[in-house]
Amino acid sequence: MSSPRADARGSENLYPWERPLGARQIDDQTAEFRVWAPRADSLSLKLSGQELPLRDAGYGIHEAVAPARGGEDYGYVVDGQELPDPCSRWQPQGLRGPSRVFDARSLPGSGDGFEPASADQLVVYELHVGTFTEPGTFAAVAEHMPELAELGVTAIEIMPVAEFPGARGWGYDGVYISAAQSSYGGPAALAELVAGAHRAGLAVLLDVVYNHLGASGVTAMETFGPYFTGKYETPWGKAINYDDADCDPVREFVIQSAEGWVRDFGLDGLRLDAIHAIFDSSPEHIVAATARRIHAVNPRALVIAESGLNDPRVMRPRERGGYQCNAEWADDFHHALRTLLTEERDGYYAEFGRVEQLAKAFHRPHVHDGIYSSFRRRRFGAPADDVSPDRFVVFSQDHDQVGNRAYGDRMPAGARPLAAFCVLLSPFIPLLFMGEEYGEPAPFQFFCDHIDEEIAVATREGRRAEFASFARFGGEIPDPQDVATFQRSKLTRRIDPGLARLYRRLLAVRAQLPPGDASTIEFDERARWLRLRRGAFELACNFGSATVEVPCQGTIVELATEAEAELGGGFVKLAKMSGALIR
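Described below are features of the structure shown in this document. Everything numeric here is computed off the predicted structure, so don't read it as measured data.

Focus: the side chain of Ser-282
One can find Ser-282 in the loop between β17 (269-272) and α7 (286-297). A relative accessible area of 18% means that Ser-282 is categorised as buried. Here Tyr-242 takes part through its backbone oxygen, which lies 3.3 Å from a polar atom of the side chain of Ser-282. A distance of 2.5 Å separates polar atoms of two side chains, one belonging to Ser-282 and the other to Asp-280.

See the structure below:
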């Protein structure tokens, strides 16, 4: 079998797997179908009730051009078993139903002229489609875009929507990574949401999961080919095959999916979930390859990595051996902040709780930058001084830090104002979790709707075992399969007026702060205060249990969490757990 020229990118010189995978509408009457199925002894295309032959294009790729219109159901018959297309873009009947041809040609894609906010103007709002509104659909989310824009948000980040089991779930167990969740409204409704957000002036980011596939789809995917490898294992199941035998079509399966979200749906970027659980020893890491290809589709698109490695390589340019992601989520900032605001010291929180750590995180959020981690019992992370602050995403609440608690409880009410001060007035990209901006009282609990009983039982029992100590103290751990757990997690939109006003004022004043590093960061560990300067503004915080005087140079209190903030004699007097912005 001859090999294409390595330096050529014309379609006639591509490896077969580099051509568009899945179903692609060519014209109003015809579609092209291409599937990778090296394990199949017999293979045919099921379309309009008929089985059609596929041409062997080599390397396990099979293809056909057939009469088909958008909206027609299809699938593949693999050794007598009818299965959905691994690259499906539409699963209207869920994971076990047929795929449906989706004609993306009419979508506005990235050509609608929308210009997202620059990095220093980004304010990201994370939301879960199913619980953000009562209907729990893309269309219902779209109705709220103008109010988020008016608040001062500049981008929404949607939790994963790749087709997952059942009608409800967080989305991190998706199987068909290019198909928009059917219970949310499917691909056309997602495209409408993106268009509506753009009309309101909001960018749209999508959370995607490329470290594993949901267990409900593993058997079907393995029937086609070696999508997984036994070389590694993730905390959630089999690792995707990025560097083992026959990995090239698998890599393309993922990268083409990422390209499609940006090119066809007009998404302004992707958040790559848990890249520390992506295993790849290839010369070009799959994260770097994905970022490169996305930026080729749209140079303005954002690639934001969730990395638990504290490794600046994620953001460094390719010429320095980096992955060239635009930004990364920064958990250390959250941990340093939360442990000052609460008494929590369990698990990885045990090594946090000092003002010194938050002061360090306000410079760069890698608190562990090569120093020893007592939780990991080894040195961890690397310095990131060469990475600008507007390439880190920080938060006091997100889906993990709320939903992965036993009861999904949010930040304690008394800590919310000071938490908001620290996040929204930081030099980093702030992220809000849906409802935090007005003090949403509903929890965000872990819920799912597994269609396989064995997986459902394992998930339920695993959750109970993880939080067994809570049950011993009389608490019943919510059953993730119970629809009531999902319903409890829906936003009530009951507003704390004072907190809502504070968020609006913080977002307004944030626009006046200069970009770049804080020029001064000072703290007193014993007195539990911290002060940093950004241009003409000073942020003063009291994390202690008593009133303190924090030295400052400004003469006007621009904004405060408590009315008692008083200036005088080169100090600002702050009540316990409070903050002030001084000019």
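From this point, the discussion proceeds with the structure in view.
A closer look at the environment of Ala-359
Considering the arrangement of structural elements, one finds Ala-359 in helix α9 (residues 355-363). Note on Ala-359: relative accessible area 6%, which makes it buried. Along the backbone, Ala-359 and Phe-333 are 26 residues apart, and their C-alpha atoms lie at a distance of 9.6 Å. What Ala-359 contacts, discounting residues up to four positions off in sequence, is Ile-521, Phe-523 and Leu-530.

Considerations on unusual backbone geometry
Notably, Asp-79 is not glycine yet its phi reads approximately 50 degrees, a positive angle. Along the polypeptide, Asp-79 turns up in the loop between β7 (73-78) and β8 (81-83). Using a relative accessible area of 39% as the deciding quantity, one classes Asp-79 as partly exposed. With a phi angle near 60 degrees, Arg-377 is a residue other than glycine that sits in the positive phi range. Looking at the element boundaries, Arg-377 is found in the loop between β20 (371-373) and β21 (378-380).

What about the layout of surface pockets?
Gaps left between atoms are located by rolling a probe of water-molecule size over the structure's atoms. Approximately 590 Å³ is the volume attributed to the second largest pocket. Around the second largest pocket, the lining is made up of 28 residues, and of these Pro-20, Arg-24, Arg-89, Arg-263 and Asp-264 lie nearest the centre. Of all the secondary structure elements, the ones that give two or more residues to the lining of the second largest pocket are β1 (22-27) and α6 (248-265). No other element matches the 9 residues that α6 contributes to the lining of the second largest pocket. Residue composition of the lining of the second largest pocket, grouped by class: 10 nonpolar, 6 polar and 12 charged.

Things to note about the nonpolar core
Core analysis: the biggest nonpolar cluster contains 153 residues, and Phe-33, Tyr-210 and Trp-261 have the highest contact counts within it. Not counting chain neighbours up to four residues away, the residues in contact with Phe-33 comprise Gly-22, Ala-23, Leu-45, Leu-47, His-62, Glu-63, Ala-64, Ala-66, Ala-68, Tyr-74, Tyr-76 and Val-101. Counting 14 residues, the second largest nonpolar core, distinct from the first, contains Leu-122, Val-124, Ile-429 and Leu-431.

Observations regarding the sheet that holds strand β29 (residues 566-568)
Across the sheet, which stays open at both edges, the 3 strands sit in the order β27-β30-β29 with antiparallel pairing between neighbours. Across the chains shown, the open sheet's two edge strands, defined by having one partner strand only, are β27 (548-551) and β29. This sheet shows a mean twist of 30 degrees between the axes of neighbouring strands, independent of strand direction. Of the pairings in the sheet, the one linking β29 to strand β30 (residues 571-574) comprises 3 bridges and is antiparallel in character. Residue pairing for β30: Glu-566 is matched across the bridge by Lys-573.

What about the pattern of salt bridges?
The final tally for this structure, using the stated rule, is 41 salt bridges. Close ionic contact of Arg-316 with Asp-386 constitutes a salt bridge, the shortest N to O distance being 2.7 Å. Pair noted here: Arg-316 is in the loop between β18 (302-306) and β19 (327-329) and Asp-386 is in the loop between β21 and β22 (392-394), with a separation of 70 residues, a long-range link. Glu-522 is the salt-bridge partner of Arg-531, the closest N and O atoms lying 2.4 Å from each other. Take Arg-531: its relative accessible area is 6%, and that puts it in the buried class. Take Glu-522: its relative accessible area is 32%, and that puts it in the partly exposed class. Through salt bridges that share partners, Arg-24, Glu-32, Arg-34, Arg-55 and Glu-63 make up one connected network.

Here's the deal with the packing of aromatic side chains
The tally for this structure, following the rule as stated, stands at 26 aromatic pairs. Centroid distance Tyr-76 to Phe-224: 6.4 Å. Interplanar angle 85 degrees. Geometry classified as edge-to-face. Taken as a pair, Tyr-76 in strand β7 and Phe-224 in helix α5 (residues 218-224) lie far apart in primary sequence, 148 residues in all. Neither residue differs from the other here; Tyr-76 and Phe-224 are each classed as buried. An aromatic cluster is present here, built from Trp-170, Phe-433, Phe-444, Phe-446, Phe-447 and Phe-486 joined pairwise through their rings. Above the plane of the ring of Trp-90 lies Arg-100, whose end atom (NZ or CZ) is 5.1 Å from the centre. The ring of Trp-329 has Arg-271 sitting right over it, with the charged end atom 4.0 Å from the ring centre.

What counts and what doesn't
- Residues numbered from 1 in each chain as written.
- Predicted model: local features only at pLDDT ≥ 70, side-chain atom pairs only at ≥ 80, totals over all residues.
- Heavy atoms only, no water.
- Helix = DSSP H or I, 4+ residues; strand = E, 2+ residues; numbered from the N terminus.
- Buried < 20%, exposed > 50% of the residue type's maximum accessible area, 1.4 Å probe, protein only.
- Polar contact = N/O pair within 3.5 Å; in protein donor to acceptor, adjacent residues only side chain to side chain.
- Contact = heavy atoms within 4.5 Å.
- 1 Å grid on protein atoms, 1.4 Å probe; cavity = no way out; pocket = protein on both sides within 12 Å on 5 of 7 lines; lining within 4 Å.
- Points joined across faces, edges and corners; volume = space filled by probe spheres on them.
- Nonpolar A, V, L, I, M, F, W, Y, C, P; charged D, E, K, R; others polar.
- Core = buried A, V, L, I, M, F, W, Y, C linked by side-chain atoms within 4.5 Å.
- Pairing = 2+ DSSP bridges.
- Axes fitted to C-alpha atoms, helices over the stretch in contact; angles between N-to-C directions.
- Salt bridge = Lys/Arg side-chain N within 4 Å of Asp/Glu carboxyl O.
- Phe/Tyr/Trp six-rings, centres within 6.5 Å; stacked < 30°, edge-to-face > 60°.
- Lys NZ or Arg CZ within 6 Å of the ring centre and 35° of its normal.

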